[in-house]
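Summary of structural features
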Amino acid sequence: MLDIKTLQNLEALKSNLPKGRNVDIKNQFSTPGLQPIGTENGLFYWEFSENDVEEFVHIYEKIKQADNRSYNAMLSQLRDKCNLMVARGISPVGCAIYATKTINSYLNFKNFIDELVEILYTFNCSEYINEELEHILKKWTWTPQLRIAIKLCGKLGNLDLLKIAYNRFYYDENLRVDLFKALMDTGNEDALPYILSFIKILDKENEKDRQIANYFKSKVYLFLPDGKRIIEDVYNSKNISSFGRKVLSELITQGVITDTGNNVQVKNRPYYIKLARIAAVGAKIDEFKKKEALDELYLALNNENLRGHSLFALRFTNRKEAGDYIINTLKNHQCSKKDIKDAIMTLGFLAYSEGKEFIIEKYLQKVDYKVYVWAYFALIKDNSYIEKLASELFEEKTTIAEEVSEVIRQIYKSVPELRAMIIEKFKGNILSTDASKVLKALKNIQLVIPAVENEFKPILEIIFEKMGYKDKEVVWRAPNVYDAVLSLINKFIGENNIPGYIEKFLFYVMNNESFNSSIRTKAMSILNNVNPGGIEANA
């Protein structure tokens, strides 16, 4: 067994190590600029081999460069690598997170953190995962990797771990937002004092505090109605900032927090989503409480005022048998169009293939429901209608595209094949000689950016060339098309860093007098809105 103290030692010995040679990382192990807290243990909880790190790094580098099809294949390889480590009796969590240090800039730009956390979450049955994450939260100092660990703690709903993170990172400007979101994601009422400590000191002029405020408003339903009293106590206290009070005041004025006395209003969709999470398969909650929550969800199906909330929320139970209740509701009650749409989608999320014949007979040929039926089939792993679903996004009617995009945003993480099909259809439209098709495609793809952003670089490069970039022939000459391209870029970037290849294109537009002044000004405006250091020069 080799006892290696530093990465420099490891690099010096690397060429002489036979494949599979173990590295003892339970001893002190440091990198330049890193000052571990404490000396009783090293930076890692588990002993793993050098090969493990190298294999994760190899997969991450491939993911960073991947197009749509290879991206999904590499995610599968990542899952397989984790499973292989588990088969050897080793948790993959620490090693997998550590290896992401090689792709830090990619973590900041893409939603890969979410993908990785989803994969690592599947190993939450490991009896040592809590100890491993506790070790990371106490010992590590790398911000991007700590973001992953904190998000995973939130996904696990582990408040004990988040208390450790809270005590260490509450004042860390680089991690405060991640910590707050993770606390909110637990939905645990015991987390409210920690959550509200953020709200009490909110500063309207601070961009990260505004992010915290918005996330609180979007997720506060997870803590209602049980947490109503503690939230009102903070609102009525003297020790709260004016912006924090304003955030709570808006929620109270809207009736989100304050009980109106009408049970139907209190028992809204967020309330039933919370019940569904309590009743979910695998939730670490008392079985009696699970049954109580599930019974209330099923009972709501008979109440026309509450039925829609339950039809939507049941997807979060992961209980396939809930499909029987949904089908019976559709057969025996007069449901609204919206309720029917939610019901069809929930059946898909529950992988309730037993309802296929009923859904085909009842809804497939109806214009109002066909998109939802196509999505249902995709969710039960039947790809018969994926091409139709992707094509529908680029139809002429904007109202159709908006409804289709809403469906796509709900399912794209569960249906990787859909991403590739959307890109294929988008590419076909922008290569068209019909200017109206091109314009429609450029506008409608903006509705589903999260679903395609990981595969978008090659498409953007085609678009740039059609505007004469890199000395290519100018194919598009209409200002409204140019404007749509810049709007697409702005939407694609969002709050992330600008990749170098987009930055260079924007400078090309800004400095090219063949574009009119409004287009050049818009390109300059996008560049000016980048935060300092927010451009990835080598992307």
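See the structure above.
First, a word on what this report is: a plain description of the structure on this page. (Residues numbered from 1 in each chain as written. Predicted model: local features only at pLDDT ≥ 70, side-chain atom pairs only at ≥ 80, totals over all residues. Heavy atoms only, no water.)

Overview of the overall build of the protein
Let me state the cut-off plainly: In DSSP terms, a helix is any run of H or I states spanning at least four residues, a strand is any run of E spanning at least two, and both are numbered starting from the N terminus. Remark: exposure states derive from per-residue accessible area (1.4 Å probe, protein chains only) relative to the maximum for the residue type, with buried under 20%, exposed over 50%, and partly exposed in between. Contact definition: two residues touch when any of their heavy atoms are within 4.5 Å. Here the open area of atoms and residues is found with the Shrake-Rupley method and a 1.4 Å probe, where only the protein chains shown may cover a residue.
Along its length, the protein carries 31 helices and two strands. Out of the 539 residues in the protein, the part that is buried amounts to 50%. When contacts within the protein are restricted to residue pairs at least 6 apart in sequence, those whose partners lie at least 24 apart make up 67%. Here the protein displays about 25,800 Å² of accessible surface, and carbon together with sulfur accounts for 47% of that area.

Considerations on the environment of Glu 453
With respect to the helices and strands, Glu 453 occurs in the loop between α27 (449-452) and α28 (457-466). Residue classification places Glu 453 among the buried residues on the basis of a relative accessible area of 12%. Sequence spacing of Glu 453 and Ile 493 is 40 residues, and the spatial spacing of their C-alpha atoms is 9.3 Å.

Notes on the pattern of salt bridges
Under the convention used in this document: Think of a salt bridge as a Lys or Arg side-chain nitrogen and an Asp or Glu carboxyl oxygen that are within 4 Å of each other.
Overall, the coordinates contain 25 salt bridges when judged by the stated rule. A salt bridge links Arg 176 to Asp 209; its shortest N-O distance comes to 3.1 Å. Separated by 33 residues along the polypeptide, Arg 176 in helix α10 (residues 176-186) and Asp 209 in helix α12 (residues 207-219) bring together distant segments of the chain. Accessibility classification places Arg 176 together with Asp 209 in one group, the buried group. Residue Asp 342 pairs with Arg 269 through a salt bridge whose shortest N-O separation is 3.2 Å. One end of the pair, Asp 342, is in helix α20 (residues 337-349); the other, Arg 269, is in helix α16 (residues 269-279), with 73 residues separating them in the sequence. Exposure class is identical for Asp 342 and Arg 269. Each is buried. Within this structure, Asp 52, Glu 55 and Lys 81 form a network of salt bridges that share partners.

A closer look at the nonpolar core
For clarity, the cut-off: We define a nonpolar core as any set of buried Ala, Val, Leu, Ile, Met, Phe, Trp, Tyr and Cys residues linked to one another through side-chain atoms lying within 4.5 Å.
Grouped together as the largest cluster of nonpolar side chains are 178 residues, with contacts concentrated most on Phe 112, Phe 216, Phe 426, Leu 442, Phe 456 and Ile 463. Setting aside anything within four residues of it in sequence, one finds Phe 456 in contact with Ile 423, Phe 426, Ile 445, Ile 449, Leu 488 and Phe 492.

A few points about the packing of helix α7 (residues 129-139) against helix α8 (residues 143-156)
So the rule is basically this: Convention adopted: a line fitted to C-alpha atoms gives each axis, helices being fitted over their contacting stretch, and angles between N-to-C directions are expressed from 0 to 180 degrees. Handedness of a crossing follows from how the near helix is turned relative to the far one, being left-handed for an anticlockwise turn of less than a right angle and right-handed for a clockwise one. Note on residue classes: Ala, Val, Leu, Ile, Met, Phe, Trp, Tyr, Cys and Pro are nonpolar, Asp, Glu, Lys and Arg are charged, and everything else, Gly too, is polar.
Look at α7 against α8: their axes get within 10 Å of each other, and the N-to-C directions meet at 145 degrees. For the pair α7 and α8, the crossing hand works out as left-handed. On the side of α7, the interface is formed by Ile 129, Leu 133, Ile 136 and Leu 137, while α8 contributes Leu 146, Ala 149, Ile 150, Leu 152, Cys 153 and Leu 156. In terms of residue class, the contact of α7 with α8 is made up of 10 nonpolar, no polar and no charged.

Looking at the packing of aromatic side chains
Condition: Between the rings of Phe, Tyr and Trp (Trp by its six-membered ring), a pair exists once the centres lie within 6.5 Å; its type follows the angle of the planes, with under 30 degrees stacked, over 60 edge-to-face, and the other angles tilted. We call a charge positioned above a ring when the Lys NZ or Arg CZ atom is no farther than 6 Å from the ring centre and deviates by at most 35 degrees from the ring normal.
Tallied over the entire structure, the rule returns 27 aromatic pairs. Relative to Tyr 363, the ring of Phe 358 has its centre 6.0 Å away and its plane inclined at 85 degrees; by these criteria the two rings are edge-to-face. With a centroid separation of 3.8 Å and an interplanar angle of 5 degrees, the aromatic rings of Phe 464 and Phe 505 are classed as stacked. Separated by 41 residues along the polypeptide, Phe 464 in helix α28 and Phe 505 in helix α30 (residues 500-511) bring together distant segments of the chain. Classification of Phe 464 by relative accessible area gives buried; the value is 1%. Feature note: the residues Phe 464, Tyr 469, Tyr 482, Tyr 501, Phe 505, Tyr 508 and Phe 515 constitute an aromatic cluster, connected by ring pairs. Over the ring of Phe 316 we find Arg 277, and its NZ or CZ is 4.7 Å from the ring centre.

Considering unusual backbone geometry
A positive phi angle, near 55 degrees, is found at Asn 318, a position not held by glycine. Mapped onto the elements, Asn 318 comes out in the loop between α18 (307-313) and α19 (322-332). Residue classification places Asn 318 among the exposed residues on the basis of a relative accessible area of 52%. Here Ala 351, not a glycine, exhibits a phi torsion of approximately 55 degrees, which is positive. As for its position among the elements, Ala 351 is in the loop between α20 and α21 (356-363). What makes Ala 351 partly exposed here is its relative accessible area of 35%.

Some remarks on the environment of Ser 514
Which entries qualify depends on this criterion: Under this definition, polar contacts are N or O atom pairs within 3.5 Å; protein pairs additionally need one hydrogen-donor-capable and one acceptor-capable atom, and for neighbouring residues in sequence, both atoms have to be side-chain atoms.
Here Ser 514 lies in the loop between α30 and α31 (517-528). Residue Ser 514 is classed as exposed on the basis of its relative accessible area of 58%. Ser 514 sits 37 residues away from Arg 477 along the chain, and the two C-alpha atoms are 9.6 Å apart. Separated by 2.6 Å, the side chains of Ser 514 and Asn 512 make a polar contact.

Here we look at the side chain of Arg 319
Among the secondary structure elements, Arg 319 is positioned in the loop between α18 and α19. Taking relative accessible area as the criterion, Arg 319 reaches 15% and is therefore assigned buried. Among the polar contacts made by the side chain of Arg 319, one reaches the main-chain carbonyl oxygen of Ala 279 at a distance of 2.7 Å. When neighbours within four sequence positions are excluded, Arg 319 is seen to be in contact with Ala 279, Ala 280, Val 281, Lys 290, Leu 294 and Leu 350.

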